[in-house]
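Given next are the chains, with one letter for each unit.
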Amino acid sequence: MTFIMYFFFKFAQIISIIMSKCEQCIVREFSSLKALNKEELLKVASCKTSFTIKKGEAIFDEGDSINGIYCIKEGVCKLSKLSANGKDHIVKLIKSGELLGQRSMISDEPANLSAVALEDMEVCFIPKTEIMGFFDKNNQFSMSVMKSICGDLKGSDDHMVAMAQKTVKERLAQTLIYLEDNFGKNEDGSLHIQLSREELAGMIGTATESCIRLLSDFNKLGLIELTGKKITLKEINKLKKLAE
């Protein structure tokens, strides 16, 4: 085998491995990218950038220009908005298999929220120039992205209604159940996602002191168990009833 033939053979192997990784990626399985065909997926594989985000680091900040989409391969991040009084309000948590930046990319507007890692993350970035090209050629992909954005808007509507109609106690119970249902538990039974008391307060829309007091009340009632920063849900049915 000549050097040139060997070079092209190895290059083909590398492309095959990259392609396989993209085809089997959890992000493609659960996001709009599942609508891409093999040729389009190859384009994604050749232009994407993969990197690690450490816990506490920002993927992007509110006001940043997002010239593409972020694929969350591993880890969890929070989407939050800074209020006028300087409080960080968590709007949503994003886990592996989801995409970030679709709405900003399509509307061509700066990011409305900040995305910060709650644990170490593996993220891929796909440039806008490649993604936007798929909209003209792949109607299934276009519809999938639109449905995803509509789903996010519906989620925002539901969150806004819950903030307006539910008490802080009900919102806390609802949020604790949401954290267990969507992000699971550790081996010791505690919630896998360990939000700080300040972050949890920002998620349910109350003062940190009020959140701490309510957690203590839940603990005394036997609904949860507090061990340092860890929270373990003990009475799921009672919490669900309280959240209704």
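Cut-offs applied
- For every chain, the first residue of its written sequence is number 1, and the numbers climb from 1 along that sequence.
- Residues qualify for local features only when their pLDDT is at least 70, as the model is predicted, and side-chain atom pairs are given and counted only at 80 or more; totals for whole chains, interfaces and linings, by contrast, use all residues.
- Hydrogens are left out, water is left out, and the side-chain values use all remaining heavy atoms of the structure.
- The secondary structure listing takes helices from DSSP runs of H or I that are at least 4 residues long and strands from runs of E that are at least 2 residues long, numbered from the N terminus.
- Under the scheme applied here, a residue whose accessible area is under 20% of the maximum for its type counts as buried, over 50% as exposed, and between as partly exposed, the area being computed with a 1.4 Å probe on protein chains only.
- Pairs of residues are marked as contacts when any of their non-hydrogen atoms sit within 4.5 Å.
- Residue exposure ignores everything except the shown protein chains as possible cover, and the areas themselves are Shrake-Rupley values with a 1.4 Å probe.
- By the convention used here, strands pair only if DSSP detects at least 2 bridges between them.
- Each nonpolar core is a collection of buried residues, namely Ala, Val, Leu, Ile, Met, Phe, Trp, Tyr and Cys, held together in the definition by side-chain atoms within 4.5 Å.
- For every domain, the bounds stem from an assignment made automatically or drawn from a database.
- Where helices are involved, their axes are fitted lines through C-alpha atoms of the stretch in contact, as for all axes, and angles between N-to-C directions lie from 0 to 180°.
- Only rings of Phe, Tyr and Trp enter the pairing, Trp through its six-membered ring, and a pair is recorded when the two centres are within 6.5 Å. The plane angle decides the type: under 30 degrees is stacked, over 60 is edge-to-face, the rest tilted.
- Salt bridges are counted wherever a side-chain nitrogen of Lys or Arg sits within 4 Å of a carboxyl oxygen of Asp or Glu.
- pLDDT is a residue-level measure of predictor confidence that goes from 0 to 100.
- Patch building starts from residues that exceed 30% relative accessible area and form no salt bridge, then joins like charges within 9 Å and nonpolar side chains (Val, Leu, Ile, Met, Phe, Trp, Tyr) within 5 Å.
- His residues and chain termini do not enter the charge count, which takes Lys and Arg as positive and Asp and Glu as negative.
- The atoms used to mark charge sites are NZ of Lys, CZ of Arg, CG of Asp and CD of Glu.

Quick word on the overall build of the chain
Next up, step 1: Within the chain one finds 10 helices and 10 strands.
Next up, step 2: A total of 244 residues make up the chain; the buried ones form 40% of that total.
Next up, step 3: Taking the intrachain contacts of the chain between residues at least 6 apart in sequence as the baseline, contacts between residues at least 24 apart amount to 68%.
Next up, step 4: Carbon and sulfur atoms provide 54% of the accessible area of the chain, an area that totals close to 13,900 Å².

Points about the pairing of strand β10 (residues 230-233)
Next up, step 1: Note: strand β9 (residues 224-227) against β10, four bridges, orientation antiparallel. From the neighbouring strand, Leu226 faces β10, where its bridge partner is Ile231.
Next up, step 2: Connecting the antiparallel pair β9 and β10 is a turn made up of two residues, with Gly228 showing a positive phi of about 65°.

Examining the nonpolar core
Next up, step 1: Counting residues in each nonpolar core, the largest one holds 27 residues, and the members touching the most others are Leu172, Leu176, Leu200, Phe218, Ile224, Ile231 and Leu239.
Next up, step 2: Ranked by the residues each element gives to this core, the list is headed by helix α7 (residues 168-183), at six residues.
Next up, step 3: Two domains share this core, each providing at least three of its residues, namely domain 1 (25-163) and domain 2 (166-243).
Next up, step 4: With residues up to four places along the chain from it excluded, the contact list for Ile224 reads Leu176, Leu215, Phe218, Asn219, Ile231, Thr232, Leu233, Lys234 and Leu239.

Things to note about the sheet that holds strand β7 (residues 114-117)
Next up, step 1: Strands sit in the order β2-β7-β4-β5 across an open sheet of four strands; the sheet is antiparallel. The open sheet has two edge strands with one neighbour each: β2 (58-60) and β5 (88-94). Looking at each pair of strands side by side, their axes are set apart by 35° on average, direction ignored.
Next up, step 2: The strands touched by helix α8 (residues 197-204) are β4 (77-82) and β5; relative to β5, the strand with the most contacts, the crossing angle is about 85°.

Quick word on the packing of aromatic side chains
Next up, step 1: As enumerated under the stated definition, the model contains five aromatic pairs in all.
Next up, step 2: Considering the side-chain rings of Phe60 and Tyr70, the 5.7 Å spacing of their centres and the 35° angle between planes classify their relative orientation as tilted. Of this pair, Phe60 sits in strand β2 while Tyr70 sits in strand β3 (residues 68-74); the two residues are 10 residues apart in sequence, bridging distant segments of the chain.
Next up, step 3: Following the ring pairs from residue to residue traces out a cluster consisting of Phe51, Phe60, Tyr70 and Phe125.

Things to note about the environment of Leu239
Next up, step 1: For Leu239, the location among the structural elements is in helix α10 (residues 236-243).
Next up, step 2: What makes Leu239 buried here is its relative accessible area of 0%.
Next up, step 3: The spacing of Leu239 and Leu172 is 67 residues in sequence and 9.2 Å in space, taken between C-alpha atoms.
Next up, step 4: The residues contacting Leu239, other than those within four sequence positions of it, are Ala173, Ile177, Phe218, Leu223, Ile224 and Leu233.

Focus: the pattern of salt bridges
Next up, step 1: Throughout the structure, instances matching the rule amount to seven salt bridges.
Next up, step 2: Between Glu199 and Lys78 there is a salt bridge; the shortest N-O distance is 3.1 Å. Of this pair, Glu199 sits in helix α8 while Lys78 is found in strand β4, placing the two residues 121 residues apart along the sequence.
Next up, step 3: Owing to a relative accessible area of 17%, Glu199 belongs among the buried residues under this scheme.
Next up, step 4: Looking at Lys78, the relative accessible area reads 9%, which means it is buried.
Next up, step 5: Lys128 is the partner of Asp108 in a salt bridge, and the nearest nitrogen-oxygen pair spans 3.1 Å.

With respect to the confidence of the model for the chain
Next up, step 1: Predicted confidence across the chain gives a mean pLDDT of 83, with 85% of residues reaching 70 or more.
Next up, step 2: Below pLDDT 50 for its whole length, residues 6-20 participates in six contacts with residues either more than four positions away or in separate chains.

Regarding a negative patch on the surface
Next up, step 1: On the surface, a cluster of negative charge is contributed by Glu57, Glu74, Asp120 and Glu122.
Next up, step 2: Tracing the sequence through the fold places Glu57 in the loop between β1 (49-53) and β2.

Let's talk about unusual backbone geometry
Next up, step 1: Positive phi values are uncommon outside glycine, yet Asp108 reaches one of about 60°.
Next up, step 2: Residue position: Asp108 is located in the loop between α4 (102-107) and β7.
Next up, step 3: Given a relative accessible area of 60%, Asp108 falls into the exposed group.

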